[in-house]
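# Remarks on the overall topology
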Amino acid sequence: MRLWVDADACPVAVREILFRAAQRTGVRLTLIANQPIPVPPSPLIDTVQVASGFDVADDEIVRRVGAGDLVVTSDVPLAAEVIDRDALVLTPRGEAQTRENIRARLQMRDFMETLRGSGIHTGGPSGLTAADRKRFADALDRYLAHNKS
């Protein structure tokens, strides 16, 4: 089991939770981004910097992920790809993306993209709240406890 992070858009507060969890549980954590990401010195935590470009980091995660791994991302198409590879997905807000809900999320994403493409301002996601951070930490702890054995 390994943790993978789509790190370019991952909030710093979520990365900090992941760093502590990796150290506490001994699970390997890899952050993949197209820019340098600072990480604490640890044999359990590393980064992979990929070239800039559309979906380059996503493609690297898909290439490396294995069945049973956990990917942290808000990218719905990336989530769909890693779910197809039998990996698990958790958003930085602590929401599980699963085989049961990923198609509906893809359809909503496409619908919102169509609205934006037609000039309708749809706004962006709200800022990460303390409740979001707690929900993420709790969901991560449940995943790690369930997959420890």
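My aim in this report is to walk through the structure given alongside it, one point at a time. Every value quoted in this text rests on a predicted model; they were computed, and no experiment measured them. (Residues numbered from 1 in each chain as written. Predicted model: local features only at pLDDT ≥ 70, side-chain atom pairs only at ≥ 80, totals over all residues. Heavy atoms only, no water.)

### A look at the pattern of salt bridges
All chains considered together, the criterion is met by eight salt bridges. The partner of R93 in a salt bridge is D132, with the nearest N and O atoms 2.6 Å apart. Taken together, the residues span a long stretch of sequence, with R93 in the loop between β5 (88-90) and β6 (96-97) and D132 in helix α5 (residues 130-146) at a distance of 39 residues. Here D132 falls in the buried class, since its relative accessible area comes to 6%. (Salt bridge = Lys/Arg side-chain N within 4 Å of Asp/Glu carboxyl O. Helix = DSSP H or I, 4+ residues; strand = E, 2+ residues; numbered from the N terminus. Buried < 20%, exposed > 50% of the residue type's maximum accessible area, 1.4 Å probe, protein only.)

### Examining the sheet that holds strand β3 (residues 45-49)
Strand order in the open sheet formed by six strands is β3-β2-β1-β4-β5-β6, with mixed pairing between adjacent strands. Of all the strands in the sheet, the pair left with one neighbour each is β3 and β6. Across the sheet, α5 touches β1 (2-6), β4 (70-72) and β5, and the angle it forms with β5 is around 160 degrees. (Pairing = 2+ DSSP bridges. Contact = heavy atoms within 4.5 Å. Axes fitted to C-alpha atoms, helices over the stretch in contact; angles between N-to-C directions.)

### Some details on the packing of helix α1 (residues 12-25) against α5
Close contact between α1 and α5 brings their axes to 10 Å; oriented N to C, the two are set at 25 degrees. By the angle between their directions, the pair α1 and α5 is classed as roughly parallel. The interaxial crossing formed by α1 with α5 has right-handed handedness. Residue-level contacts link A13, V14, I17, L18, A21, R24 and T25 of α1 to R133, F136, A137, L140, D141 and L144 of α5. Residue classes in the contact of α1 with α5 are distributed as nine nonpolar, one polar and three charged. (Parallel < 35°, antiparallel > 145°, perpendicular 65-115°, else oblique. Left-handed = near helix turned anticlockwise from the far one by under 90°. Nonpolar A, V, L, I, M, F, W, Y, C, P; charged D, E, K, R; others polar.)

Bear in mind that shape data such as this cannot, by itself, settle questions of function.
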